[in-house]
Amino acid sequence: MKRLTASFRLLTSTLAMSLAGPAWAQSAPALSLELNAAQPSEKGCRLTFVVNNALGADLSKAAFEIALFNQAGVVDRLTVLDFKDLPAGKTKVTRFDLAGADCGKLSRVLINSATECAGTGVEPAACMRALKTSTKTAIAFGV
């Protein structure tokens, strides 16, 4: 009976581990970019982003071209946001003041492309391919 119980426990453990999958497959490399806030500023509109680099390598430079859409869904402007260096495994908060922009009239922020994506062992396309976006605002945000 003890042997049967031990065999059953081993079988149950093995089954549970196979259903969970390998640990490395559960967290794919990602660059998470969250639009955390949009607030009026003296210059125009201040966008606050929370960035987490889970690519597994330091980024010495990361910059994205974004498109700002107005309430009618028309592109108001294109601009580049330079997030500078993003150390691996680090969460960073960055603010950008967009001169002349009205936060109340922004309906969407679209990441058009990565204009810079550099780091040791990081291919230039990694910033867009591994990009995960989210928003805490009423403004639509994504790729």
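Residues numbered from 1 in each chain as written. Predicted model: local features only at pLDDT ≥ 70, side-chain atom pairs only at ≥ 80, totals over all residues. Heavy atoms only, no water.

Engineer: How would you sum up the sheet that holds strand β2 (residues 44–54)? Please name residues and give values.
Structural biologist: The 4 strands are arranged β5-β2-β1-β7 in an open sheet whose pairing can be described as mixed. The open sheet has two edge strands, β5 (91–99) and β7 (131–135), and neither has a second partner. Adjacent strand axes in the sheet meet at a mean angle of 25° when their direction is disregarded. Looking at chain direction, strand β1 (residues 30–40) and β2 are connected through 10 bridges and run antiparallel. The residue bridging L33 from the neighbouring strand is V51, located in β2. (Pairing = 2+ DSSP bridges. Helix = DSSP H or I, 4+ residues; strand = E, 2+ residues; numbered from the N terminus. Axes fitted to C-alpha atoms, helices over the stretch in contact; angles between N-to-C directions.)

Engineer: For the side chain of S41, give the residues involved together with the corresponding values.
Structural biologist: Position of S41 relative to the elements: it lies in the loop between β1 and β2. A polar contact is formed between the side chain of S41 and the side chain of D97, at a distance of 3.1 Å. Leave out the neighbours within four places in its chain, and S41 touches R46 and D97. (Polar contact = N/O pair within 3.5 Å; in protein donor to acceptor, adjacent residues only side chain to side chain. Contact = heavy atoms within 4.5 Å.)

Engineer: Give me the sheet that holds strand β4 (residues 75–86): which residues, what numbers.
Structural biologist: Across the sheet, 4 strands lie side by side as β4-β3-β6-β8; this open sheet has mixed pairing. Every interior strand has two partners, whereas the edge strands, β4 and β8 (140–142), have only one. Each neighbouring strand pair of the sheet contributes to a mean axis angle of 20°, computed without reference to strand direction. Sheet analysis places strand β3 (residues 59–69) next to strand β6 (residues 108–118), joined by 9 bridges and oriented antiparallel. In the strand pairing of β6, E65 is matched with S113.

Shape is all these values report; function is a separate question.
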